[in-house]
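An overview of the molecular structure
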Amino acid sequence: MSLVLDAARVAAALNILLLLVIIGIWVQTYREIRAPFTLASIVFASFLLAENAVALYFYFTAPAMPAIAVQVMMLLQILETAGISVLTYITWQ
């Protein structure tokens with residue numbers, strides 16, 4: 001069980017790092033072009049960042065959870081990591 005929870009923790013931490021990179025790039029872009037879509041992207045990424053920060057905090061401080069809940073949460077975190085990784089790659093280009 002702890003391996004599954006550790007995987008969820010790593011995925012959430014990686015999501016936070018990737019989102020910080022994306023937000024940094026988008027803030028730079030927004031300063032240059034002032035596009036409303038870029039601003040909306042920054043807001044959206046900030047909400048995802050907050051969600052992942054809360055999830056990571058929860059993974060370290062929550063009481064024992066049912067095994068199926070931990071497995072599902074880990075799967076969702078890993079899927080989110082995959083999506084944010086693609087977005088980071090495209091943004092970096």
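Anyway, here's the lowdown on the structure attached to this text. Model, not experiment: these values are computed from the prediction. (Residues numbered from 1 in each chain as written. Predicted model: local features only at pLDDT ≥ 70, side-chain atom pairs only at ≥ 80, totals over all residues. Heavy atoms only, no water.)

For the rest of this paragraph, the subject is the overall build of the chain. Counting its regular elements, the chain contains three helices and zero strands. Helices and strands appear in the chain in the N-to-C order α-α-α. Projecting the C-alpha coordinates of the chain onto the three principal axes gives extents of approximately 50 × 20 × 15 Å. Across the 93 residues of the chain, 34% fall into the buried class. Pairs at least 24 apart in sequence give 76% of the contacts found in the chain among residues at least 6 apart. As presented, the chain carries roughly 6,000 Å² of accessible surface, and 76% of it is formed by carbon and sulfur atoms. (Helix = DSSP H or I, 4+ residues; strand = E, 2+ residues; numbered from the N terminus. Buried < 20%, exposed > 50% of the residue type's maximum accessible area, 1.4 Å probe, protein only. Contact = heavy atoms within 4.5 Å. Areas by Shrake-Rupley, 256 points an atom, 1.4 Å probe, with all protein chains shown as cover.)

With that out of the way, let us pick up the environment of V72. Within the secondary structure, V72 sits in helix α3 (residues 67-92). By relative accessible area, which is 42% here, V72 ends up partly exposed.

Where helix α1 (residues 2-33) meets α3, the closest approach of the two axes is 8 Å, and the angle between their N-to-C directions is 25 degrees. Compared by their axis directions, α1 and α3 come out roughly parallel. When the axes of α1 and α3 are compared, the crossing they make is left-handed. (Axes fitted to C-alpha atoms, helices over the stretch in contact; angles between N-to-C directions. Parallel < 35°, antiparallel > 145°, perpendicular 65-115°, else oblique. Left-handed = near helix turned anticlockwise from the far one by under 90°.)

A few words now on unusual backbone geometry. The bulk of non-glycine residues show a negative phi, and the bulk of peptide bonds are trans. Look at R34: it is not a glycine, yet its phi comes out positive at around 55 degrees. Note that R34 resides in the loop between α1 and α2 (36-61).

Before going further, it helps to examine the nonpolar core. One finds W26 and Y59 to be the most contacted residues of the largest nonpolar core, which totals 21 residues. Listing elements by their share of this core, those giving two or more residues are α1, α2 and α3. Among the elements that line this core, the one with the most residues is α1, at twelve residues. Contact partners of W26, with chain neighbours within four places excluded, come to T38, S41, I42, A45, L87 and T91. (Core = buried A, V, L, I, M, F, W, Y, C linked by side-chain atoms within 4.5 Å.)

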